[in-house]
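# Structure at a glance
Listed here are the chains, written in short residue letters.
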Amino acid sequence: MRHYKVVNAWTRLNIDALNSRLRSASYHVTSSFLLPENRRISPFVKKRDRRELNHERSVQVPGYNYKHKKNNESKVSSELRKLCLEDFPGVEGRQLGKKATLDSNSENHDVVFGIAPCFLALSQGRRKAFKLFVKDGEATQRASVLKVCEEAHSRRVQICHVGKKDLDKMCLGRVHQGVCLQASRLDYLTKASRNTLGDKGNNGPPLWLVLEEIQDPMNLGAILRSAYFLGVDRVASSLHRSCPLSPVVSKASSGVMEVMEVYGYESLEDLLRMKVAQGWQVVGSVGTDAEAMHTPILRCSDFQLTKPTLLLMGGEGGGLSRELLSLCQALLTIPAGRNLLPGVESLNVSVAAGILLHSVLRSRQINQLGHLRP
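Where an unreviewed UniProt entry is consulted, the protein chain appears under the name rRNA methyltransferase 1, mitochondrial, with the organism given as Takifugu rubripes. The UniProt entry for the protein chain carries this comment under Subcellular location (unreviewed entry): "Mitochondrion". Under the Sequence similarities (unreviewed entry) heading, UniProt states for the protein chain: "Belongs to the class IV-like SAM-binding methyltransferase superfamily. RNA methyltransferase TrmH family."

Given below as structure tokens:
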């Protein structure tokens, strides 16, 4: 019995020693594949040299997330991945021990925030850009932020590292996505700045979207985004009692405000009368509960865009004014899909604009295809 115990203990010792050797061998084999050029770290290498080799092994390409690879990351060029914010000349901010702030005359400037608005504000050149503020570490982690930095660098715009709290303060706590841009303001185009009347449409009769007293910047931004996407030829707005073209509008439009020109008019009535004299038709929009009028009310799906048209949208709450309604030759409505309760018988103006524009512009596409068929 004692002999059995001694043999059993000796066997366990040998098995433990064998397992230890196997684990050690496995570690060295694995390490040889992980290290650059299949080099292994010898146990006799000094601790400082071992740290340097480990650091070399852990170095990754800036702007490329190895743990969570995204589809849009794979589309970024290798040159862009290698580009790092610290490589830009003239970069200021925390890494240089300076506090990056807005210019002293910032009251006369806008602070554009968000990746798409900042990138388009830089690339379109309609604003004069002064400083790009980037959240610490963002440029080396996200390709989209790095793309904005590259655009700013190519246009010789100063790039500054700042903390998240600084960015929050710049854009008053709104969602900035790690970037803010100090730039000149973007205003409505007025009569003095207009070069053409833009009477030619995209593959058919032109359609202008005319907005009366849209006061919510989120609504205006959403309307601009839909108008640009669906193919509106021009957006016109009343200057009085309408929200300005602010950074909030730009963010809500996903940067479309930086691309699409928006025209402002002191008197929309004068604009409508002038366009009617040129052969345009004026079409307004009303809710399903609109009072009986002398102007015919059509379902938006029944309307056909066959001639140059001005489509009018009224502001939140009140809708179109009586003065503009009196100039409309037809009125469009969006039919409801159920019996509506009081208080919820209308749509948000930006949602209604998207539905009406899609319906009207789809009729233009269908008519254009009909003309093209033999």
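Resuming the write-up.
Relative to the helices and strands, V134 is located in strand 3 (residues 129–135). Measuring from C-alpha to C-alpha, the distance between V134 and I159 comes to 7.3 Å, with 25 residues separating the pair along the chain.

One key point about sheets: their strands pair by backbone hydrogen bonds, in either a parallel or an antiparallel sense. As summarised here, the arrangement of the seven strands in space is 8-7-6-11-9-12-10, forming an open sheet in which the pairing is parallel. The two strands at the open ends of the sheet, each matched to only one other strand, are strand 8 (262–265) and strand 10 (297–299). On average, each strand axis in the sheet is inclined to that of its neighbour by 30°, with strand direction left out of account. As paired elements, strand 6 (residues 207–211) and strand 11 (residues 309–313) share five bridges and run parallel to each other. Considered in strand 11, the bridge of L207 is made with T309. Packing against the sheet, helix 8 (residues 217–230) makes contact with strand 6, strand 7 (234–238) and strand 8, and its axis sits at approximately 175° to strand 6.

Glancing now at the pattern of salt bridges. Within this structure, the stated rule accounts for seven salt bridges. For R155, the salt bridge goes to E151, with nearest N and O atoms at 2.7 Å. You can call R155 partly exposed: its relative accessible area is 42%. Here R241 ties to E213 by a salt bridge, and the two come within 3.9 Å at their closest N and O atoms. Within this pair, whereas R241 is found in the loop between strand 7 and helix 9 (247–252), its partner E213 is found in the loop between strand 6 and helix 8, the two being separated by 28 residues in sequence. Judged by relative accessible area, R241 falls into the exposed class, the value being 58%. For E213, a relative accessible area of 28% puts it in the partly exposed group. One connected set of salt bridges, linked through shared partners, spans D110, R127, R185 and E258.

Rules used throughout
Residues numbered from 1 in each chain as written. Predicted model: local features only at pLDDT ≥ 70, side-chain atom pairs only at ≥ 80, totals over all residues. Heavy atoms only, no water. UniProt positions renumbered as here; feature names shortened; annotations may be inferred. Helix = DSSP H or I, 4+ residues; strand = E, 2+ residues; numbered from the N terminus. Pairing = 2+ DSSP bridges. Axes fitted to C-alpha atoms, helices over the stretch in contact; angles between N-to-C directions. Contact = heavy atoms within 4.5 Å. Salt bridge = Lys/Arg side-chain N within 4 Å of Asp/Glu carboxyl O. Buried < 20%, exposed > 50% of the residue type's maximum accessible area, 1.4 Å probe, protein only.

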